[in-house]
Amino acid sequence: MKEQEQKHNGFPPSNLPRDPETGYFLDVPARIREIYKHNCFMSDFFHISIDEIYCGGAQVSLHIEHDKHANHRNVTHGGVLTALADSVLGVTGASVGEAVVTVNFSMDFISNVSMDGTVRMISNIKHHGRTTMVIVGEMYDNKNRLLATMMASMVNVDKIEGIPSKW
C-alpha cells in the first residue's frame, strides 16, 4: 500500500512516528521537511531553507550572494525573489495536507534587498477550499524591512497522506 501511495502522490515514504489512532504524523513539520529535502530546486539549486512550518503557513529563507543572485544592474534579480516566494507555496499547502500547484501568482516589489543578506518569505493561507487555495505572503530582509508581497491561487491536486488539515 505504501508503495502505491508513493507512486500516487510522488512523496517518499516515511518512518517518522505516527499517532496510532489517527495515522497522522506526530511531527508534521518534520514530515514536510522530509518531503522537501528531495526538492532539488529548493535544496541543491537555490539553497532555500525551510525555517518554520505551522498549520496554514510557513517561512522560508535564502541567503543572498552577489555572485549568484545579482543582475546586470548589480542588485538582486527579481526572479530570485520570485523563486523564493514561489517556494513557500508548496510548503504552505503541505502544512494543511494538500499537494498544490500554482495557477496564478502575483508579486509586488516594494524595496530591493542588500547583497549578502538573508531574505525570508512568510506565508499564510487566506482561503482553503475543496479544490483551490489562496496563499498570501510578505518578504522581509535582515532589518525586517518589507521587500515584497505576493498572492497566489493554487489548485489542490492531491492529499498528503498522514498530514491533517488542522493540527
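None of these values were measured; they are calculated from a predicted model.

### As for the overall build of the protein chain
Summing up its helical and strand segments, the protein chain has 5 helices and 6 strands in all. Taken over the C-alpha trace, the protein chain has a radius of gyration of 16 Å; the compact-globule value for 167 residues is 15 Å, and the two agree within 12%. A principal-axis box enclosing the C-alpha atoms of the protein chain has dimensions of 55 × 30 × 25 Å. Across the 167 residues in the protein chain, those meeting the buried criterion constitute 43%. Within the protein chain, residue pairs in contact and separated by at least 24 positions form 62% of the contacts whose partners lie at least 6 positions apart. When the accessible surface of the protein chain is totalled, it reaches about 9000 Å², and 51% of it is carbon and sulfur. For the protein chain, the distance from the average site of its 15 positive side-chain charges to the average site of its 19 negative ones is 3 Å.

### A look at the packing of aromatic side chains
For the structure shown, the criterion picks out 0 aromatic pairs. Positioned over the ring face of F25 is R18, at 4.0 Å from the centre of the ring.

### Looking at the UniProt feature "domain: Thioesterase" (unreviewed entry) in the protein chain
Residues given the UniProt feature "domain: Thioesterase" (unreviewed entry) here are residues 74-147. Regarding residues 74-147, the helix share stands at 23% and the strand share at 46%, and the terminal C-alpha atoms are separated by 17 Å.

### Remarks on the environment of D86
Along the chain, the position of D86 falls in helix α5 (residues 78-94). Spatially, the C-alpha atoms of D86 and R31 are 20 Å apart, while their sequence positions differ by 55 residues. Those residues in contact with D86, other than ones at most four positions away along the chain, are T102 and F105.

### Some details on the pairing of strand β6 (residues 146-159)
When strand β3 (residues 98-109) meets β6, the two strands line up antiparallel, connected through 11 bridges. For A99, the partnering residue across the bridge sits in β6 and is D158. Bridge analysis of strand β5 (residues 132-140) against β6 gives 9 bridges, and the strand direction is antiparallel. In the sheet register, Y140 faces β6, and the bridge partner there is L146. Joining the antiparallel neighbours β5 and β6 is a turn of 5 residues, in which N144 adopts a positive phi near 65 degrees.

### So, the confidence of the model for the protein chain
Predicted confidence across the protein chain gives a mean pLDDT of 91, with 95% of residues reaching 70 or more. β5 holds the highest mean pLDDT among the elements of the protein chain, 98, whereas helix α1 (residues 2-9) holds the lowest, 47. Counting contacts from residues 1-8, a segment whose pLDDT is below 50, to residues more than four positions away or on other chains yields 8 contacts.

What counts, and at which threshold
- Residues numbered from 1 in each chain as written.
- Predicted model: local features only at pLDDT ≥ 70, side-chain atom pairs only at ≥ 80, totals over all residues.
- Heavy atoms only, no water.
- Helix = DSSP H or I, 4+ residues; strand = E, 2+ residues; numbered from the N terminus.
- Rg over C-alpha atoms; globule rule 2.2 N^0.38 Å.
- Buried < 20%, exposed > 50% of the residue type's maximum accessible area, 1.4 Å probe, protein only.
- Contact = heavy atoms within 4.5 Å.
- Areas by Shrake-Rupley, 256 points an atom, 1.4 Å probe, with all protein chains shown as cover.
- Lys, Arg positive; Asp, Glu negative; His and termini not counted.
- Charge placed at Lys NZ, Arg CZ, Asp CG, Glu CD.
- Phe/Tyr/Trp six-rings, centres within 6.5 Å; stacked < 30°, edge-to-face > 60°.
- Lys NZ or Arg CZ within 6 Å of the ring centre and 35° of its normal.
- UniProt positions renumbered as here; feature names shortened; annotations may be inferred.
- Pairing = 2+ DSSP bridges.
- pLDDT = per-residue confidence, 0-100.

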